[in-house]
Amino acid sequence: MGAGAVLARYLRPEGRRLSALAVFMLAGIAGQLVSPPLMGRFIDTVVKGGRHTLLTPLFVIAGLYIAAAIATQLFQIGATYFSAQLAWSATNRMRRDLATHVLHLDMSYHTGTSPGDIIERVDGDVAALANFFSQFVLQVVGGGLLLIGIMVVLVVVVDWRIGVALGAVALVAGLVMFAMRNVARDQWERLRDAFSAFSAFLEERLAGLDDVRANAGGAHVMRRFRALTDELAASNIAASRRGPWVWLVPIGIFSIGLTVALGLGGRLYLMHGLTMGTLVTSLFLAGMMQNPVLQIGSQLQQFQTAAASLERIRGLLALHPTLEGGPGVGWDDARTAAPNVAFEHIDFAYRADTPVLKNVSIEVKPGEVLGLLGRTGSGKTTLTRLLFRLYDPVGGRIALDGEDIRGATLEELRGRIGLVTQEVQLFDASVRDNATLFDPNVPDARIVEVLTDLGLGGWLERQPRGLDAVLTAGGGLSAGEAQLLAFARVFLKDPGLVVLDEASSRLDPASDLLIERALDKLLGGGKGAARRTAIIIAHKLSTVGRADRIVILDHGRVLEAGERTALEADPSSTFAKLLNAGMEEALA
């Protein structure tokens with residue numbers, strides 16, 4: 001999609017605002033063009049009548065002039081209002097589309113792109129377009145129409161020779177501006193890239209502020225900060241040096257031509273070819289020409305910034321996810337049923353030269369709890385990412401109840417799986433929205449029931465607004481309470497398959513006890529009789545103790561697999577050795 005197509009896509013739905021803007025803008029231009037001839041008529045009336053000039057015609061002309069001036073101001077206010085409405089409506093729609101587009105891009109894009117860079121594209125670049133949109137129609141289109149109108153009035157009302165002279169000057173200035181419109185585009189694009197790099201750096205350092213302070217990294221951060229701000233300054237200076245030439249050169253041309261045209265008007269007056277009023281009208285109109293030329297030149301400079309932002313936005317929209325949902329397999333009726341899960345000969349690598357999983361085959365039967373163990377980097381979490389189709393395996397397949405998950409829609413697949421991790425994402429939203437993940441269909445009574453059942457009833461009662469109490473992304477809950485809220489999300493979703501990724505690895509004993517109770521409820525209570533199929537990635541003995549089967553991964557391969565009780569009883573098994581050595585320390 002080209003840049004022009006992107007603009008058309010977001011301006012097309014704004015037909016009503018564009019029409020209103022056109023009406024007010026054209027009316028304002030007409031008001032500006034009426035005023036100079038009225039002034040000239042007033043002067044000619046005074047000069048012609050001398051001391052015997054009747055006051056009535058002068059009052060009429062003056063009244064018309066004042067009315068035209070007031071109407072022009074009102075029309076210009078209306079045009080400015082609709083221009084701003086048009087700009088923000090179009091660019092807000094662009095922001096929504098960009099945010100949705102980014103959310104659907106592959107995880108490889110998100111892991112390779114910093115959040116700061118994404119924010120700069122979704123907000124910073126769009127903000128640059130909003131400023132441009134709000135002024136472009138008024139100052140470029142309106143300025144161009146005003147110039148044409150001035151030429152017509154000069155030719156028809158004043159003198160065709162002055163009109164032709166000033167028209168030629170305006171044409172030359174316009175051609176020069178058009179030829180120079182991209183003179184600093186590369187510099188402005190580099191400036192936008194520098195802003196993205198700076199935003200990315202700032203976001204990353206603020207997110208890791210505790211580590212920076214604890215490890216005395218402030219000096220290094222500030223050195224990098226200064227380097228990035230120096231780059232910003234250099235890019236800005238380079239763009240600012242070249243950008244003004246877009247309008248400085250045409251203004252110079254226009255000033256020379258204007259001097260010639262005014263000299264022609266003076267000569268015609270001295271030769272009695274023009275009246276005093278007509279001469280003043282020509283001077284007034286000639287002066288009016290400078291403002292639209294300046295406005296157009298300024299906007300062409302802004303166009304270079306906007307063009308750079310638009311090109312970055314177009315580049316982002318040109319990215320498409322390679323991982324898309326299938327046609328669907330009809331799991332809606334079986335969403336809460338415990339499925340059979342099969343990983344069949346899975347090969348996967350984040351980078352082609354570094355395989356993470358190698359020929360991994362694991363089966364989890366309906367209602368079975370699988371304990372998935374292995375050292376850090378062995379591929380445990382990667383398996384769950386593949387299960388959710390955040391990535392696709394490069395070899396093999398994953399099946400639920402015999403159906404390849406690539407045949408399901410993404411909503412269908414992810415609606416059947418619940419996930420609890422050790423890092424719980426809280427949102428700046430109400431307790432209700434945090435518990436339901438913004439699902440408006442869950443009744444309040446059900447939310448309260450689940451939170452109370454999990455041990456959060458007392459905490460909820462202490463909230464002054466109950467379910468309407470607003471949590472913050474940075475806190476508001478202890479680690480144990482946040483973990484219980486994550487379990488509540490799964491209970492309210494009620495999926496048939498649950499993945500627990502080290503969900504209780506960093507909790508105090510009191511919170512751990514509540515989590516164990518929540519696990520009992522989530523898995524149906526009782527070993528081997530769970531209502532849900534579950535995959536538990538764990539370091540703690542108490543959590544693995546509820547598993548029916550154990551799989552141990554090592555360097556992306558299945559090192560050992562079997563019934564938990566059988567592996568415990570076999571002193572030569574890796575699992576038994578882990579238990580004897582203290583599994584938390586052995587897997588660290």
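Structure: above.
Quantities reported herein were computed from a predicted structural model and do not represent experimental measurements. (Residues numbered from 1 in each chain as written. Predicted model: local features only at pLDDT ≥ 70, side-chain atom pairs only at ≥ 80, totals over all residues. Heavy atoms only, no water.)

K.L.:
Would you take a moment to explain the sheet that holds strand 4 (residues 395–400) for this structure?
P.N.:
Note on sheets: strands pair through backbone hydrogen bonds, and any given pair is parallel or antiparallel. Here four strands make up an open sheet; going across it, the order is 2-1-4-5 and the pairing antiparallel. Two strands bound the open sheet, and with one partner strand each, they are strand 2 (354–364) and strand 5 (403–404). Relative to strand 5, strand 4 runs antiparallel, the two sharing two bridges. Opposite L400, over in strand 5, you have E403 as the bridge partner. (Pairing = 2+ DSSP bridges. Helix = DSSP H or I, 4+ residues; strand = E, 2+ residues; numbered from the N terminus.)

K.L.:
Sorry, what's going on with the sheet that holds strand 10 (residues 557–563) here?
P.N.:
An order of 6-7-8-3-9-10 is seen for the six strands of this open sheet, with the pairing classed as mixed. Edge positions in the sheet fall to strand 6 (417–421) and strand 10, since each of these pairs with one other strand and no more. Within this sheet the neighbouring strands show an average axis-to-axis angle of 15 degrees, counted without direction. In terms of strand pairing, strand 9 (residues 549–554) meets strand 10 through six bridges, oriented antiparallel. Across the sheet, the residue bridging to L553 is V558, located in strand 10. (Axes fitted to C-alpha atoms, helices over the stretch in contact; angles between N-to-C directions.)

K.L.:
What exactly am I supposed to notice about the packing of helix 15 (residues 444–453) against helix 17 (residues 479–493) here?
P.N.:
Helix packing for two helices is described by the angle between their axes and how far apart those axes are. Put simply, helix 15 and helix 17 touch, their axes get as near as 10 Å, and they point 130 degrees apart. As far as their axial angle goes, helix 17 and helix 15 are oblique. Taken as a pair, helix 15 and helix 17 cross one another with a handedness that is right-handed. The residues of helix 17 that touch helix 15, namely those facing R446, I447, V450 and L451, are L485, A488, F491 and L492. (Parallel < 35°, antiparallel > 145°, perpendicular 65-115°, else oblique. Left-handed = near helix turned anticlockwise from the far one by under 90°. Contact = heavy atoms within 4.5 Å.)

K.L.:
Would you explain the pairing of strand 9 in this entry?
P.N.:
Regular strands place side chains that alternate from one sheet face to the opposite one. Judged by how many residues are buried, strand 9 sits mostly within the fold: five of six residues are covered. By the bridge criterion, five bridges tie strand 3 (residues 369–374) to strand 9 in an arrangement that is parallel. Residue G374 lies in a different strand from strand 9, and its bridge partner there is L553. Adjacent in sequence and paired antiparallel, strand 9 and strand 10 are bridged by two residues, among which H555 carries a positive phi angle near 55 degrees. (Buried < 20%, exposed > 50% of the residue type's maximum accessible area, 1.4 Å probe, protein only.)

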